[in-house]
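# Inside the fold
One letter stands for each residue in the lines below.
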Amino acid sequence: MSKSMLIISRQAPWAGPSAREALDIALAGGAFDLPLGLLFLDDGVFQLAAGQQPGALQQKDLSANLQALPLFGVEELFVSSRSLAERGLDEAALALPAERLDDTALTLLLDRFDLVVTI
Amino acid sequence: MATLHLLSHSPFSDSRLSSCLRLLGPEDGLLLTGDAVYALQPGTAQLQALQLMPAGIALYALDEDLQARALHAPARAQAIDYPAFVELCGRYAKVNSWL
């Protein structure tokens, strides 16, 4: 039985490679049928904002990678409701259906996985 | 001797913006680039702090960084392109980059 892993992605999407790399890890793990969860925390929640146009910065769009997560079997998607609220995104429609969890629920979430990695 | 302050980091992950706001002179300018444009996200304490700046302090944001992040410049801020960025650097006596 494979160990389950929670990937915590906490970087904004366009300032560096971290957000893309966290997604790549999730997609690679999903392709190998590993039991994975993905949590968007802190500035990582900006990855979920709708209507982004990274073409203005000559960057590739991350939204295709995000949409691919369920296809690769990564269906456990979570987002911190506190991080959303701090960034004015709590009322916003997100680009991906992720379960919104408060801090108490996040503690329980981390407990539930065998491994946790934060990027 | 007015200074143009240049911010490029997310105001949610460190204290550059709040330190900068404390140090601003009455005729200084503030230019948001990169992740610093997240300070213009509606409904946040960061945008509120920027709205409270005295009117003499000019606020600019780089348009391509706004577009990439699905943000729009509020009335208080002026969206500019790179040629305007260069022109702006020449207009102030000093440029302070918050690296």
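Look up a bit, the structure's there.
Described below are features of the structure shown in this document. (Residues numbered from 1 in each chain as written. Chains lettered and ligands numbered in written order. Predicted model: local features only at pLDDT ≥ 70, side-chain atom pairs only at ≥ 80, totals over all residues.)

## Remarks on the overall build of chain A
Secondary structure assignment for chain A yields four helices and five strands. From first element to last, N terminus to C terminus, chain A shows the α and β order β-α-β-α-β-α-β-α-β. Since a compact globule built from 119 residues should have a radius of gyration of about 14 Å, the 14 Å found for chain A is in line with a globular shape. Projected onto its principal axes, the C-alpha positions of chain A cover 45 × 30 × 20 Å. Burial statistics for chain A: of 119 residues in total, 34% are counted as buried. For chain A, long-range pairs separated by at least 24 residues make up 75% of all intrachain contacts whose partners lie at least 6 apart in sequence. (Helix = DSSP H or I, 4+ residues; strand = E, 2+ residues; numbered from the N terminus. Rg over C-alpha atoms; globule rule 2.2 N^0.38 Å. Buried ≥ 20, exposed ≤ 12 C-beta atoms within 10 Å, placed from the backbone. Contact = placed C-beta atoms within 7 Å.)

## What to know about unusual backbone geometry
Of note, the phi angle at Asp42(A) is positive, near 50°, even though the residue is not glycine. Tracing the sequence through the fold places Asp42(A) in the loop between strand S2 (36–40) and helix H2 (63–71). With a phi close to 60°, Ala70(B) is a non-glycine residue in the positive phi region. Tracing the sequence through the fold places Ala70(B) in the loop between helix H3 (63–68) and strand S4 (78–80). Taking the number of C-beta atoms within 10 Å as the measure of exposure, Ala70(B) has 16 and is therefore partly exposed.

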